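Next come the chains, spelled out residue by residue.
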Amino acid sequence: MTKKMLKTVVAALAVALPVSLCACSVVVDGTDVTDYTGMQYTTYDFFNTNTTVSCYLPAEDTDKLKSLWDGEIRDALDKISSLLSQDGEKSDVKAFNRAQAGATLKIDAVTYEVLSLAKQAYADTDGAFNPALALSVDLWGFSTRFNEADYSPSQPYDREDYKTQLPDEEYVEAFLSLSDFSETEIYAEDDGYYITKSASVAEVGGVVYTQQLDLSGIGKGYAADVVAEILRKNGFVFGYVDIGASSMSLMKNARKEAGTELGKWTVSVLSPTESGKYYFKAYVKDASLATSGNYQQYYEIGDRRYSHIIDPHTGEPYISDVLTASVFGENAALCDAYSTALCVLGSEKAIALDSELQGYTYTVAVETDQGFKVLSNADGKLV
Ligand code: AMP
Ligand code: MG
């Protein structure tokens with residue numbers, strides 16, 4: 001693993017050299033890793049970003065790992081990203097978004113699982129995490145079609161230049177009225193999984209709109225969980241999965257790093273205000289991590305920043321004192337969803353959420369007159 005690979009947009013894992021060159025054996029959580037190979041990794045291009053899957057392993061297992069990379073792991077990433085994408089042919093999200101108000105559709109078990117986790121995150125965060133904001137995300141210029149090289153305005157609400165022209169208030173209100181995620185029902189039957197779309201409709205300029213879903217705020221975390229589980233099930237428990245530097249599933253570290261105990265990784269999270277600098281470090285193993293913030297995808301009009309995270313109360317890009325939030329815990333999908341929600345909620349509500357997010361620790365960078373301060377529910381465990 002080169003240093004370049006470890007420099008990530010949001011967070012970086014620092015891998016240190018073994019501290020000892022003696023012939024002593026190194027045992028991590030009962031496994032002798034003395035003869036493990038150096039870090040082996042591969043990368044994929046899914047979810048419009050880079051996924052890195054890295055492992056330390058016994059040399060004789062190298063072929064087994066490679067066949068997982070090229071087989072089960074690639075297939076899983078392909079399937080998850082296809083089902084959840086806005087426009088893929090096999091996308092359940094696309095089928096839902098195109099369906100009529102009130103329609104019931106059969107969905108894949110994967111989509112059902114992601115939606116179940118999304119429902120949990122929606123409940124846990126008092127609705128701040130809300131995948132039914134897809135139309136608002138699109139209105140403000142943050143859905144995937146805006147990343148296409150050949151993007152051109154195609155919807156009635158598109159502006160010539162969405163980075164300098166604000167949308168009509170009529171659309172903000174109409175799309176907000178379609179974002180009640182409690183109106184979206186998911187259920188399991190003997191023959192499979194189903195979703196029933198909200199019956200609400202909204203009309204603007206003679207065009208009728210229905211509820212749409214956007215699972216980008218949770219899909220990468222879900223995929224990190226699935227890939228880590230495939231690795232573990234096949235005996236690979238040293239390494240990590242990193243999707244877009246914002247969602248990670250960390251297993252164990254086979255190398256001793258300075259400043260922390262054997263088995264743990266050092267995770268450095270990038271500062272939201274100073275490019276290339278880190279604002280805190282955490283030491284973790286067998287845990288997931290996600291980071292969200294207003295400094296990754298945004299544009300500015302006047303003195304206001306418009307970022308890709310939408311506030312479900314206003315239907316507009318969020319305004320709060322949280323510049324960035326990082327969440328650590330067991331489930332990477334929930335870490336992903338919670339980190340998005342903590343930005344929307346703002347520091348006071350974010351810290352108050354401690355009792356809801358049992359077992360999850362988080363750190364938020366809060367804007368002040370003199371830069372930012374760091375708040376956490378972690379009680380010094382991580383920072
Ligand atoms: P993340 O980068 O994980 O924070 O997720 C942000 C992405 O999730 C955005 O680019 C949108 O596609 C979508 N999104 C925006 N606002 C919300 C929200 N309040 N709840 C859930 N997903 C959202
Ligand atoms: Mg997220």
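Chains are numbered independently. Their residues run from 1 in the order of the written sequence. Each chain takes a letter, starting from A, and each ligand takes a number, starting from 1, following the order in which they are written. The model is predicted, so local features are restricted to residues of pLDDT at least 70 and side-chain atom pairs to those at 80 or more, both for listing and for counting; the totals for chains, interfaces and linings are taken over all residues. Only hydrogens and water are removed before side-chain values are computed, so all heavy atoms of the structure are retained for them.

1. A few points about the confidence of the model for the protein chain
Caution applies to low-pLDDT parts of the model: their predicted coordinates are not meant to be read in detail.
(1) Moving on: pLDDT is defined as a per-residue confidence score from the predictor, taking values between 0 and 100. A residue-level look at the protein chain finds 93% of positions with pLDDT of 70 or above and a mean pLDDT of 92.
(2) Moving on: Note on contacts: a residue pair is in contact if any heavy atoms of the two residues lie within 4.5 Å. In the model, residues 14-20 has pLDDT below 50 throughout and makes 13 contacts with residues more than four positions away in sequence or in other chains.

2. Quick look at the environment of A149
(1) Moving on: Helical segments are the DSSP runs of H or I of at least four residues, strand segments are the runs of E of at least two, and each set is numbered from the N terminus. Of note, A149 is situated in the loop between α5 (134-139) and α6 (169-176).
(2) Moving on: Note on classification: 1.4 Å probe, protein chains only; a residue is buried when its accessible area is under 20% of the maximum for its type, exposed when over 50%, partly exposed between these limits. Overall, A149 belongs to the exposed group, its relative accessible area being 88%.
(3) Moving on: For the pair A149 and K349, spaced 200 residues apart in sequence, the C-alpha to C-alpha distance is 39 Å.

3. Some remarks on helix α7 (residues 216-233)
(1) Moving on: In this scheme, a helix's expected span is set at 1.5 Å multiplied by one less than its residue total. The terminal C-alpha atoms of α7 lie 26 Å apart, and with 18 residues this matches the ideal 26 Å at 1.5 Å per residue to within 8%.
(2) Moving on: Summarising burial for α7: 14 of the 18 residues are buried, a large majority.
(3) Moving on: Once α7 ends, the next one or two residues include G235, with phi positive near 90°.

4. Quick word on the site of ligand 1
(1) Moving on: The environment of ligand 1 is made up of 14 residues, and the closest members are N130, D214, S292, I310 and T340.
(2) Moving on: For this analysis, a polar contact is any N or O atom pair within 3.5 Å, provided that within protein one partner can donate a hydrogen and the other can accept it, and provided that sequence-adjacent residues contribute only side-chain to side-chain pairs. One of the side-chain nitrogen or oxygen atoms of S292 is found 2.6 Å away from an oxygen atom of ligand 1.
(3) Moving on: In the environment of ligand 1, a nitrogen atom lies 2.9 Å from a nitrogen or oxygen atom belonging to the backbone of I310.
(4) Moving on: Residue-level accessible areas treat just the shown protein chains as cover; the underlying method is Shrake-Rupley with a 1.4 Å probe. If ligand 1 stood free it would expose 490 Å²; the protein chains cover 95% of that surface.
(5) Moving on: Among the elements of the structure, α7 and α8 (332-352) are those that each provide at least two residues to the shell around ligand 1.
(6) Moving on: Of the residues that constitute the shell around ligand 1, the class distribution is six nonpolar, six polar and two charged.
(7) Moving on: An automatic or database domain assignment supplies the start and end points of every domain. Counting residues domain by domain, the shell around ligand 1 receives three or more from each of domain 1 (2-79 + 217-382) and domain 2 (92-215). Any residue with a heavy atom lying within 4 Å of a molecule or strand is counted as near it. Residue classes follow a fixed rule: Ala, Val, Leu, Ile, Met, Phe, Trp, Tyr, Cys and Pro count as nonpolar, while Asp, Glu, Lys and Arg count as charged, and any other residue, Gly among them, counts as polar.

5. Points about the coordination of the magnesium ion (ligand 2)
(1) Moving on: Listed donors are limited to N, O and S atoms within 2.8 Å of the metal, widened to 3.2 Å for Na, K and Ca; water is not among them, so incomplete-looking sites are possible. At the metal site, the magnesium ion (ligand 2) is ligated by G217 (O), D336 (O), D336 (OD) and T340 (OG1), and these contacts range over 2.0 to 2.7 Å.
(2) Moving on: All donors to the magnesium ion (ligand 2) come from one chain, and their sequence spacing reads G-x118-D-x3-T. You can see G217 sitting in helix α7 and its partner D336 sitting in helix α8, a full 119 residues away along the chain.
(3) Moving on: Using a relative accessible area of 6% as the deciding quantity, one classes D336 as buried.

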